[in-house]
Amino acid sequence: MRDMLTKIAAFGYAGLIYGFIFLPVAVLVLFSFQDGRLPVPPFNGFSLQWYEAVFADRKLMAALANSFLVAIVSSVIACLLGFLAAYALARYKLPGSALQRGLLIAPMTVSYLIIALGLLTVLNTFGISLSLWTVGIGHVVINLPLCFAIIYSSMGDHHINIERAARDLGANDFKVMALVTAPMLMPSILAAFFLSVTFSWDEFIIAFLLSRFDVTLPVEIWSLLRSGLNPKTNAIGSLVFLVSVALLAVLELTLFGKTKKS
Amino acid sequence: MTAAVSVHNATKTFGAFTALNDVSLDIKAGEFIVLLGPSGCGKTTLLSILGGFQSPTKGRVTIAGKDMTSVPPAKRPTTTMFQDYALFPHMKLRDNVGFGLRMRGMAKVERDEKALGFLDLVGLKASADKKPHELSGGQRQRVALARALAVDPDVLLLDEPLGALDLKLRRQMQDELKAIQKRVGTTFVHVTHDQEEAMAIADRIVVMNQGRIEDFGPPADIYMRPRSVFSAGFMGEVNFIPGKVKSVDATAALVETAVGVMALPIASFTASAPTSGQAVMLCIRPEHFRRAGEAEGPVVSLGDAKVTGSAFFGTHYRCHLKPASAPDLIIVAHMPQSTAVADGQIVPLAVSLADIVALPEGT
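Predicted, not measured: the structure shown is a model, and the values here were computed from it. (Residues numbered from 1 in each chain as written. Chains lettered and ligands numbered in written order. Predicted model: local features only at pLDDT ≥ 70, side-chain atom pairs only at ≥ 80, totals over all residues.)

**Digging into the overall build of chain A**
Regarding its fold elements, chain A presents twelve helices and zero strands. When the elements of chain A are put in sequence order from the N terminus, they spell out α-α-α-α-α-α-α-α-α-α-α-α. The principal-axis extents of the C-alpha atoms in chain A amount to approximately 70 × 70 × 30 Å. In chain A, buried positions account for 33% of the 262 residues. The contacts in chain A between residues at least 6 apart in sequence include a share of 74% that link residues at least 24 apart. (Helix = DSSP H or I, 4+ residues; strand = E, 2+ residues; numbered from the N terminus. Buried ≥ 20, exposed ≤ 12 C-beta atoms within 10 Å, placed from the backbone. Contact = placed C-beta atoms within 7 Å.)

Okay, structure coming up:
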């Protein structure tokens, strides 16, 4: 009896937690299928009209493409720089390496708003006009610490002998890095890459402050919202959510599953 | 290929710690050398210096007569087989073995063929397309050996390669290593702390302790005629009986011990010629004790001894004995398996003179 009660309490608690986290998203997705003009209860019936409207909207589609571009290019750069920094700090004795590690990770603790304002000032000072490139720079700034931290933590001492072996067999530093270290760390490099992509994909403040004519999807959605609630925003929101979920699923299935096995 | 290796007065210090203390060593081409010693004795440091991963604070290293002291690992005619194998986890076995050849610019077809040949040498040709994590410890070991040999080094350096294997597999791999070394003819320098392993594979053993070479020679010499107290103790069980040289003449020295005075031939003093008044340590292996009257050749009697404990070890009885003349001394002796031994039994002990080694105390 007692067991039964604790079981029910446990399931109830878990249900509440997941409800708290996912109910907003569930409501968002549900009302993206609303047959009517307002994404609020009551639910009038199932319709795909708003998805049709989203795919017909040139501005939204352009923003979607921009988001993809910025996410992928900035993540590749963040991973590359993160990997190089991690390699240097893990393998060489550098002056003040603890301080350097701290400096590299520090941007994680700074709010995106501050980073965006700082970058805006710098860009203005140098007379660089705002574009998708400047958004990309912003996203490299916020994702580099993440990529560095993930890749650095996966560089174990047991890799040192493997790199030594490669060097012993005649590989130069570049070849050791390209043929041995990077492939060996590929699971964590890819994990860093995909996480970085999802963060860049969802990011609003930096994208908003550092872009002008070409904007990313979150910025475009924001400008849609200014004209009032509309099931179309639910539809595009659901698509954004779907992409994030898909990325996480890929990550989980291909990478985390694999590292568990080996 | 193969080459001779020489170390001249190598010293390596890390801060205040001296890992290697003025070590000199000459290794002939094609020899299987084992560096043996407890952890922290400097054997791994010496191997790193040979491989170029560390450079000596003082001294020189030559390989095939050429000075290699400051040549990086990649440019040396050496390859190292690491304790944890250090295989490339993301590469198939054939790519692991072919890696060194790839770095030397060999075309894919050619190096695959050569890699397969070396995998065949270690009996893993059929697994060429597997990845390291699919293999057992012993198999990884073999791949590491094939990879190190594939680049045709003059000298192969092995850093405790068998340390992670279980006993049975270790014995098997020792035989294989020895057989492969004979086949390829490369100079092998192998590090271990297991004296049985050292005796099983080495042409010559280098016994090291506290950064110095204690002893250097073929396994039988190191075991039977050790040149230091440390070396005698490290190579296997041994009884130490302290004594004092009373007088020395041209052929023998008279040594006074708790179990009697004995005239030892000068040849028993393996480390240095005896001097009158010198404190010495007599080293006698447990299997060298005989019951008086059983031994052949000149023997020295140690008087009667009482058995205080014994255990059957298969090949022999291992007994603890208390000599009547020196009740403070405990002697460990191996008695033949054919004769049962009982506690409290009195046994007349003797040793062949040729089996006794006398070393200056404190070496």
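Having seen the model, we can carry on.
**So, the overall build of chain B**
In terms of helices and strands, chain B carries eight helices and 20 strands. Along the first, second and third principal axes, the C-alpha atoms of chain B reach 75 × 45 × 35 Å. Within chain B, buried positions represent 43% of all 363 residues.

**Thoughts on the nonpolar core**
Among the nonpolar cores identified, the biggest contains 150 residues, and Ile151 of chain A together with Leu35, Val189 and Val206 of chain B are the most heavily contacted of them. Discounting chain neighbours no more than four positions away, the residues touching Val206 of chain B are Leu25, Ile33, Val34, Leu35, Leu36, Ile213 and Phe216 of chain B. (Core = buried A, V, L, I, M, F, W, Y, C linked by C-beta atoms within 7 Å.)

**Side note on the interface of chain A and chain B**
On the side of chain B, 18 residues touch chain A, which itself brings 17 residues to the contact. If one sorts the elements of the side of chain A that touches chain B by residue count, helix α7 (residues 158–168) of chain A sits on top with eight residues.

**Topic: the pairing of strand β13 (residues 260–265) of chain B**
All names here are of chain B. When strand β12 (residues 252–257) meets β13, the two strands line up antiparallel, connected through six bridges. Bridge assignment links Thr257 to a residue of β13, and that residue is Gly260. Joining the antiparallel neighbours β12 and β13 is a turn of two residues. (Pairing = 2+ DSSP bridges.)

**A few points about the sheet that holds strand β6 (residues 78–81) of chain B**
Residues and elements named next belong to chain B. Strands sit in the order β6-β7-β8-β3-β9-β10 across an open sheet of six strands; the sheet is mixed. The sheet terminates laterally at β6 and β10 (212–217), the two strands that pair on one side only. This sheet shows a mean twist of 20° between the axes of neighbouring strands, independent of strand direction. Pairing of strand β9 (residues 204–209) with β10, which is carried by five bridges, proceeds in the antiparallel orientation. What sits directly across from Asn209, in β10, is Arg212. (Axes fitted to C-alpha atoms, helices over the stretch in contact; angles between N-to-C directions.)

**Quick word on the environment of Pro161 of chain B**
Residues and elements named next belong to chain B. Relative to the helices and strands, Pro161 resides in the loop between β7 (155–159) and α5 (167–184). Judged by C-beta crowding, with 25 C-beta atoms within 10 Å, Pro161 ranks as buried. As a C-alpha pair, Pro161 and Lys130 span 31 residues in sequence and 21 Å in three-dimensional space. Beyond its immediate sequence surroundings of up to four residues, Pro161 is in contact with Met81, Gln83 and Gln141.

**Details of the domain arrangement of chain B**
All names here are of chain B. With domains assigned, chain B is organised as domain 1 (5–233) and domain 2 (237–360). Spacing between the C-alpha centres of domain 1 and domain 2 amounts to 38 Å. The partner domain 2 presents seven residues to the seven residues of domain 1 that form the contact. Classifying every residue of the side of domain 1 that touches domain 2 by side-chain character gives three nonpolar, two polar and two charged. (Domains from an automatic or database assignment. Nonpolar A, V, L, I, M, F, W, Y, C, P; charged D, E, K, R; others polar.)

**Observations regarding the sheet that holds β13 of chain B**
All names here are of chain B. The strand order β13-β12-β11-β14-β20 describes an open sheet built from five strands, whose pairing is antiparallel. The open sheet is flanked by β13 and β20 (357–360), the only strands paired with a single partner. Neighbouring strand axes in the sheet, compared pairwise and without regard to direction, differ in orientation by 40° on average.

**Description of the environment of Phe204 of chain A**
All names here are of chain A. When you line up the elements, Phe204 lands in the loop between α9 (186–202) and α10 (205–209). Through-space distance from the C-alpha of Phe204 to that of Val219 is 6.2 Å; in sequence the pair is 15 residues apart. Discounting chain neighbours no more than four positions away, the residues touching Phe204 are Pro218, Val219 and Trp222.

**Quick notes on the confidence of the model for chain B**
Residues of chain B with pLDDT of at least 70 account for 98%, and the chain-wide mean is 88. Here the predicted complex scores 0.77 on pTM and 0.75 on ipTM. (pLDDT = per-residue confidence, 0-100.)

**Here's the deal with the packing of helix α3 (residues 58–91) of chain A against α9 of chain A**
Residues and elements named next belong to chain A. Following both chains from N to C, one finds α3 and α9 inclined at 140°, their axes separated by 8 Å at the closest point. In terms of axis orientation, α3 runs oblique to α9. When you trace α3 past α9, the crossing you get is right-handed. Taken together, the residues of α9 that come into contact with α3 (itself represented by Ser67, Val70, Ala71, Ile72, Ser74, Ser75, Ala78, Cys79, Gly82 and Phe83) are Ile189, Ala192, Phe193, Ser196, Val197, Ser200 and Trp201. (Parallel < 35°, antiparallel > 145°, perpendicular 65-115°, else oblique. Left-handed = near helix turned anticlockwise from the far one by under 90°.)

**So, unusual backbone geometry**
All names here are of chain B. Here the phi dihedral of Asp22 falls at roughly 50°; this positive angle occurs in a residue that is not glycine. Asp22 gets classed as partly exposed once you count the C-beta atoms within 10 Å, which come to 14. Of note, Gln210 is a non-glycine position whose phi angle comes to about 50°, a positive value. Structurally, Gln210 is set in the loop between β9 and β10. Note on Gln210: 15 C-beta atoms within 10 Å, which makes it partly exposed.

**Focus on the environment of Leu123 of chain A**
Residues and elements named next belong to chain A. Within the element layout of this structure, Leu123 appears in helix α5 (residues 112–125). When the 17 C-beta atoms within 10 Å are taken as the criterion, Leu123 is described as partly exposed. Residues Leu123 and Ser200, spaced 77 residues apart in sequence, show a C-alpha to C-alpha distance of 20 Å. Not counting residues within four places of it along the chain, the set of residues in contact with Leu123 comprises Ile128, Leu130 and Thr134.

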